[in-house]
Amino acid sequence: MQKIVAAAVLAALFLAGCSGAKGGDADPADIFAAIKDHVRADLEAAGYSDEDFQLQELPGYRIVNLQGADFEQLPPGIRPDDFREGYMLEADMMLNADRIILFQAEKDKAGAIQDALELYQAAQLQMWEQYMADQAEKVRNTIISARGDLVIYITYPDADAIADIFARHAGRR
């Protein structure tokens, strides 16, 4: 009996370890879905109702797939051929600096995308400093991170939580 229990415990530990390792293989769409789930939970905690979510997937935010017709939404310095996949979540209103951008870079393009996003952050900071001090502070705390071919830009009230989601799902790509 003890051998069966020990084997079951070892199997459970093995499966738990494998499921954690698999996070590094998550595709950008899965990572972005996890980020949207977190933002939704934040909106629910802020008092948004089911009815609000029926009207808009994430009330107060635009969700953009950066392929195809939405290339005009790209931050300056990033070209359509720099990435395979790209997603953006940004505030609907110009009173909120929230913006999360996720790219899966083409081979050897992650560094260039990260550099362009750093310049983009500087431009955003310059704009928000003249416009709204509280939003400028949020931009000042933007997180730009890369893991392998994945690059993320996070201007969000709890940017660390989004960065943790990215890190958990991106793994060691």
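Look up a bit, the structure's there.
Description of the structure in this document. Quick caveat, the model's predicted, so the values are computed rather than measured. (Residues numbered from 1 in each chain as written. Predicted model: local features only at pLDDT ≥ 70, side-chain atom pairs only at ≥ 80, totals over all residues. Heavy atoms only, no water.)

Quick look at the overall build of the protein chain
- The helix and strand inventory of the protein chain stands at six helices and five strands.
- In the protein chain, the order of α-helices and β-strands from amino to carboxyl end is α-α-α-β-β-β-α-α-β-β-α.
- With 173 residues in all, the protein chain has 40% of them scored as buried.
- Accessible area for the protein chain stands at about 9,700 Å²; split by element, carbon and sulfur atoms hold 54% of it. (Helix = DSSP H or I, 4+ residues; strand = E, 2+ residues; numbered from the N terminus. Buried < 20%, exposed > 50% of the residue type's maximum accessible area, 1.4 Å probe, protein only. Areas by Shrake-Rupley, 256 points an atom, 1.4 Å probe, with all protein chains shown as cover.)

Digging into the packing of aromatic side chains
- According to the stated counting rule, one finds four aromatic pairs in the structure shown.
- Between Phe-32 and Tyr-87, the aromatic rings sit 5.2 Å apart at their centres with planes inclined by 20°, giving stacked as the arrangement. Of this pair, Phe-32 sits in helix H2 (residues 28-45) while Tyr-87 sits in strand S2 (residues 83-91); the two residues are 55 residues apart in sequence, bridging distant segments of the chain.
- Accessibility expressed as a relative area gives 4% for Phe-32, which makes it buried.
- Since its relative accessible area comes to 12%, Tyr-87 is described here as buried.
- One cation-aromatic arrangement involves Arg-40 over Phe-53; the distance from NZ or CZ to the ring centre is 3.9 Å. (Phe/Tyr/Trp six-rings, centres within 6.5 Å; stacked < 30°, edge-to-face > 60°. Lys NZ or Arg CZ within 6 Å of the ring centre and 35° of its normal.)

So, helix H4 (residues 110-131)
- Along its 22 residues, H4 runs 31 Å from first to last C-alpha, staying within 8% of the 32 Å computed at 1.5 Å per residue.
- Along H4, the residues classified as buried are Ala-110, Ile-113, Ala-116, Leu-117, Tyr-120, Gln-121, Gln-124, Leu-125 and Trp-128. (Expected span 1.5 Å × (residues − 1).)

A look at the nonpolar core
- Grouped together as the largest cluster of nonpolar side chains are 25 residues, with contacts concentrated most on Ile-35, Val-39, Tyr-61, Ile-100, Ile-152, Ile-154 and Ile-162.
- For this core, the elements supplying multiple residues, two or more each, are H2, S2, strand S3 (99-105), strand S5 (150-155) and helix H6 (159-170).
- Ignoring anything within four residues of it in the chain, the contact list for Ile-100 reads Phe-32, Ile-35, Val-39, Tyr-87, Met-88, Leu-89, Ile-152, Tyr-153, Ile-154, Tyr-156 and Ile-162.
- Residues Leu-74, Met-88, Ile-101 and Phe-103 belong to the second largest nonpolar core, which totals 17 residues. (Core = buried A, V, L, I, M, F, W, Y, C linked by side-chain atoms within 4.5 Å. Contact = heavy atoms within 4.5 Å.)

Considering the side chain of Asp-149
- In this fold, Asp-149 is placed in the loop between strand S4 (143-147) and S5.
- Taking relative accessible area as the criterion, Asp-149 reaches 18% and is therefore assigned buried.

What about the packing of H2 against H6?
- Put simply, H2 and H6 touch, their axes get as near as 10 Å, and they point 150° apart. It follows that H2 is roughly antiparallel to H6 by the angle criterion. In this structure, H2 meets H6 at a crossing whose hand is right-handed. Residue-level inspection shows Ile-31, Ala-34, Ile-35, His-38 and Val-39 of H2 in contact with H6, the latter providing Ala-161, Ile-162, Ile-165, Phe-166, His-169 and Ala-170. (Axes fitted to C-alpha atoms, helices over the stretch in contact; angles between N-to-C directions. Parallel < 35°, antiparallel > 145°, perpendicular 65-115°, else oblique. Left-handed = near helix turned anticlockwise from the far one by under 90°.)

Points about a nonpolar patch on the surface
- Judged by side-chain polarity, Met-93, Met-94, Leu-95, Met-127 and Tyr-131 come together as a nonpolar surface patch covering roughly 520 Å² of accessible area.
- Position of Leu-95 relative to the elements: it lies in the loop between S2 and S3. (Patch = residues over 30% accessible without salt bridge, like charges linked within 9 Å, V, L, I, M, F, W, Y side chains within 5 Å. Salt bridge = Lys/Arg side-chain N within 4 Å of Asp/Glu carboxyl O.)

What to know about the packing of H4 against helix H5 (residues 133-140)
- Relative to each other, H4 and H5 sit at 160°, their axes nearing to 7 Å. The pairing of H4 with H5 is recorded here as roughly antiparallel in orientation. Remark: the crossing between H4 and H5 carries left-handed chirality. Residues Gln-121, Gln-124, Leu-125, Trp-128, Glu-129 and Tyr-131 of H4 form the contact with H5, whose own contacting residues are Ala-133, Gln-135, Ala-136, Val-139 and Arg-140.
- Among the residues forming the contact of H4 with H5, the class breakdown is six nonpolar, three polar and two charged. (Nonpolar A, V, L, I, M, F, W, Y, C, P; charged D, E, K, R; others polar.)

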